[in-house]
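Secondary and tertiary structure notes
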Amino acid sequence: MHASHPLSRRAVLAGTAAAAALTTVPFLPGRAHAAETATTAAGQAYRWRNAAIGGTGFITGVLFHPSVRGLAYARTDIGGAYRWDDRAAHWTPLIDHMGWDDWNLLGVEAMAVDPAHPDRLYLALGTYTQSWAGNGAVLRSDDRGATWKRTDLNVKLGANEDGRGAGERLLVDPRNSDTLWLGTRHDGLLKSTDRGATWAAAPGFPPSPSASGQGVVLLVAVGRTVYAGWGDSDGSSANLYRTPDGTTWEAVPGQPTGTAAKVPIRAAYDRHTRELYVTYANAPGPNGQSDGSVHKLHTTSGKWTEVTPAKPGGTASDGSADTFGYGGVAVDAQRPGTVVVSTNNRWAEVDTLYRTTDGGRTWTSLKDKAVLDVSETPFLTFGAGKPKFGWWIQALALDPHDSRHVVYGTGATLYGTRDLKNWAPQIRGLEETAVRQLISPPAGTAHLISACGDIGVLYHERLTASPSRGMATNPAFGTATGLAQATKKPSYVVRSGWGDHGNGAYSGDGGQTWAPFASQPATAKDAPGPIATNADGSVVLWTFVAGDGTRYPAQRSADNGATWTEISTFPKGATPVADPVDPTRFYVFDADTGSVLVSTDGGLTFTEGATGLPLGDAQFKLVAAPGRSGDLWLSTKWNGLYRSTDGGATFSKVSSCWASYVLGFGKAADGADYPAIYQVGSTESITAVYRSDDEARTWVRINDDAHQWGYIGDAITGDPRVYGRVYLATNGRGIQYGEPV
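Keep in mind that this is a model prediction, so the values were computed, not measured.

Below, the discussion takes up the overall build of the protein. Assigned secondary structure in the protein consists of one helix and 59 strands. The C-alpha radius of gyration of the protein comes to 26 Å, within 12% of the 27 Å expected for a compact globule of 741 residues. Across the protein, every contact between residues at least 6 apart in sequence was considered, and the portion connecting residues at least 24 apart equals 53%. Carbon and sulfur atoms provide 49% of the accessible area of the protein, an area that totals close to 25800 Å². Distance between charge centres in the protein, computed from 65 positive and 71 negative side chains, equals 5 Å.

We now examine the environment of Gly499. Among the structural elements, Gly499 can be located in the loop between strand S38 (493-497) and strand S39 (504-507). Residue classification places Gly499 among the buried residues on the basis of a relative accessible area of 4%. It is 25 Å that separates the C-alpha atoms of Gly499 and Pro425, two residues lying 74 residues apart in sequence.

With that out of the way, let us pick up the environment of Lys572. Residue position: Lys572 is located in the loop between strand S44 (565-567) and strand S45 (576-578). A residue is classified by how much of its surface remains accessible, and Lys572, at 46% relative accessible area, is partly exposed. Each C-alpha atom of the pair Lys572 and Gly158 lies 34 Å from the other, and the pair is 414 residues apart in sequence. Dropping the residues within four chain positions of it, Lys572 is found in contact with Arg551, Tyr552 and Pro553.

With the rule as written, the count across this model stands at 31 aromatic pairs. Look at Trp103 and Tyr128: their rings are 6.3 Å apart centre to centre, the planes differ by 50 degrees, and that puts the pair in the tilted class. Linking Trp103 in the loop between strand S6 (90-93) and strand S7 (108-114) with Tyr128 in the loop between strand S8 (117-125) and strand S9 (137-141), this pair joins segments that are 25 residues apart in sequence. The pair formed by Trp103 and Tyr128 is uniform in burial state, with each residue classed as buried.

A full pass over the atoms with the stated rule returns 29 salt bridges. With a closest N to O distance of 3.0 Å, Arg75 and Glu168 form a salt bridge. A residue pair is termed long-range when its members are at least 10 positions apart, and Arg75 in strand S4 (residues 71-76) and Glu168 in the loop between strand S10 (149-152) and strand S11 (170-172) qualify at 93 residues. This pair shows no difference in class: Arg75 is buried, exactly as Glu168 is. Asp617 is the salt-bridge partner of Lys637, the closest N and O atoms lying 2.8 Å from each other.

The nonpolar side chains of soluble globular proteins are, as a tendency, buried together. Within the largest apolar cluster, 37 residues are counted, with the highest numbers of intra-cluster contacts made by Leu353, Phe382, Tyr408, Trp423 and Leu438. For this core, the secondary structure elements donating two or more residues are strand S30 (396-398), strand S31 (406-409), strand S34 (435-439), strand S35 (448-452), strand S58 (726-729) and strand S59 (735-740). Judged by nonpolar contacts, the second largest core, of 22 residues, contains Tyr46, Trp103, Tyr661 and Tyr711.

Pairing is antiparallel in the open sheet, where four strands are placed in the order S3-S4-S5-S6. Edge positions in the open sheet fall to strand S3 (59-64) and S6, since each of these has one partner strand only. Each adjacent strand pair in this sheet contributes to an overall mean axis angle of 25 degrees, direction not counted. As paired strands, S3 and S4 are joined by five bridges and run antiparallel to one another. Bridge assignment links Phe64 to a residue of S4, and that residue is Ala72.

Right, let's talk about the sheet that holds strand S2 (residues 46-51) for a bit. An order of S2-S59-S58-S57 is seen for the four strands of this open sheet, with the pairing classed as antiparallel. If you trace the sheet from one side to the other, it starts and ends with S2 and strand S57 (716-718), each paired once. Adjacent strand axes in the sheet meet at a mean angle of 20 degrees when their direction is disregarded. Direction of pairing for S58 relative to S59: antiparallel, over a ladder of four bridges. Bridging from a neighbouring strand, Tyr727 pairs with Tyr737 of S59.

Bringing the confidence of the model for the protein into the picture now. The predicted structure's coordinates, where accompanied by low pLDDT, should not be read in detail. Looking at the protein, pLDDT values average 94 and 94% of them are 70 or higher. Confidence over residues 1-40 falls short of pLDDT 50; this stretch has 99 contacts with residues more than four positions distant or in other chains.

Criteria and thresholds
- Residues numbered from 1 in each chain as written.
- Predicted model: local features only at pLDDT ≥ 70, side-chain atom pairs only at ≥ 80, totals over all residues.
- Heavy atoms only, no water.
- Helix = DSSP H or I, 4+ residues; strand = E, 2+ residues; numbered from the N terminus.
- Rg over C-alpha atoms; globule rule 2.2 N^0.38 Å.
- Contact = heavy atoms within 4.5 Å.
- Areas by Shrake-Rupley, 256 points an atom, 1.4 Å probe, with all protein chains shown as cover.
- Lys, Arg positive; Asp, Glu negative; His and termini not counted.
- Charge placed at Lys NZ, Arg CZ, Asp CG, Glu CD.
- Buried < 20%, exposed > 50% of the residue type's maximum accessible area, 1.4 Å probe, protein only.
- Phe/Tyr/Trp six-rings, centres within 6.5 Å; stacked < 30°, edge-to-face > 60°.
- Salt bridge = Lys/Arg side-chain N within 4 Å of Asp/Glu carboxyl O.
- Core = buried A, V, L, I, M, F, W, Y, C linked by side-chain atoms within 4.5 Å.
- Pairing = 2+ DSSP bridges.
- Axes fitted to C-alpha atoms, helices over the stretch in contact; angles between N-to-C directions.
- pLDDT = per-residue confidence, 0-100.

Here's what the structure looks like:
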């Protein structure tokens, strides 16, 4: 992902949760499997799939199983874990069963396999360590992740925090498969002697954890000895420890010191030469690294040797400082002395992989002759002429059964090669996009247009292949903040987002091609917020919210963005909603006052309508039913669902559900005279995805316990052309779409 803009996808949920922590939050029931009430029909069987994009997020770890050809696992910072199917060339998601209340467990801090038991897999879950996030958990499987047993921890893990590309922090003990080790950030080293069922602090581990440190950053087996990397050294104290017996620990003698060896990032053991290779940086990464090194330890003699391929600190080709750290490291299980390492945070010269076949005496940069083919995932050009070799490269793996099969993760994909020259995304099935908004057009080639974190807006002409146009350009955005279509003129679409060459754009062909607004308000550069267009596309309203939450006055344009005027009566930072029939009408929910404001003059002025609604949460969502003027629905989370049929003058509470987080509409069922309604909400004790075919009098659950995807409260829409089809935004598992079986 790109980290240049304050509202990156990895900040969104954190900010949401932090905001929630500042308000009064009622009891939220845990996941349950109680029978639905009479107002909810029996669940309907749905088939759920990803709308293909391909990756888009930070791949933080990859493990090939040492004893099973073709078996590998990948972990992500917010989007779960995956198992590789070599025959199908496809990744299978492993923890989609995590539900709404377990949103913090979609981030995978670490993973481990058991060399002696190929079917065993372990995951350490937990996305954030802040006070508003829940504790972590360890999952253990005896069938390669098909089913799980879970142990909740009394500590927090941080899969989406600094240091998330280090590791692995989880290890099966080489002497006893029943013993596991787990390195935590703030609670030291944990140990389990019953295959992860219970955990306790490991006695005798020397370093003292802190509330703000990195803690144990890596664990690696060297024969029967366990090594542990410590992320909180000052560069002069020890940061690598070992135990030969699982009880007594010592600092490894002679280990490197200094800024370039301050934080151990990854380690890999060459059993043929009995050498342990360790990559270092002056910060945990993936950002903030400016120095680093690579060292190897001959574990028999105790001799350390520096084998750094290229020292950071020179001058880049553009004249800037060539600063970077080192990240991933992998050894060739078949060829002694053959090792691959990665640079990290090398923005000027672009990160690379270095490969040695002589134990680090000489190195070759694999980037220099690399041929990148991103035709399967065109967004990887990020609006430029060609893709980068990579950035945020901390996940690196070398297939133990194929010396020329190397894979490495980036901030947006997982590249793989079979010949050390030709590289392509090895990413099918792995979808990690954080999705903000969804539109399903009533006409045109695409049934879906999406607004996403990091990759802007996408036009999905097919659901089974990554959009052929890549991310929308002219201009290209990082994270999109707004997307809207004129309901009576669907060829006209507008978008907004974070970008360096403009923050707003319009399309005259339904979202296929774009042009920037001729001008934009001064606040747009640093605070691009939601955007809307009225029913006939003659008016655009744009609101502005900075990365720190500061809100600015909304602006209006009646000439396709050529000029803008401030709307003094519009609540700052709120989201405008256009009436789908009447081009003179707009609506907005003011979360500060709990009121709905209405414009009947094309957005020039807004006056107060209904009052006394739930307030205090900017994530409450107002939507307008298609094909009807003044038919509004307001989702207010656990405060319930409200409806207005008089253009926002009054609202009544819908009694068929007690919680509503996001709501959308699709094609009506046969014989029905009202669109199908889809929502993420609660009719009983579980938060789930529901459909109603009778104006919300009754609901049918359409997802199941195996398909929950953590947090799913940002966007949902039905397809206006296909009854029953629904598109759902997730925060790290891409776009899910479901259809009745």
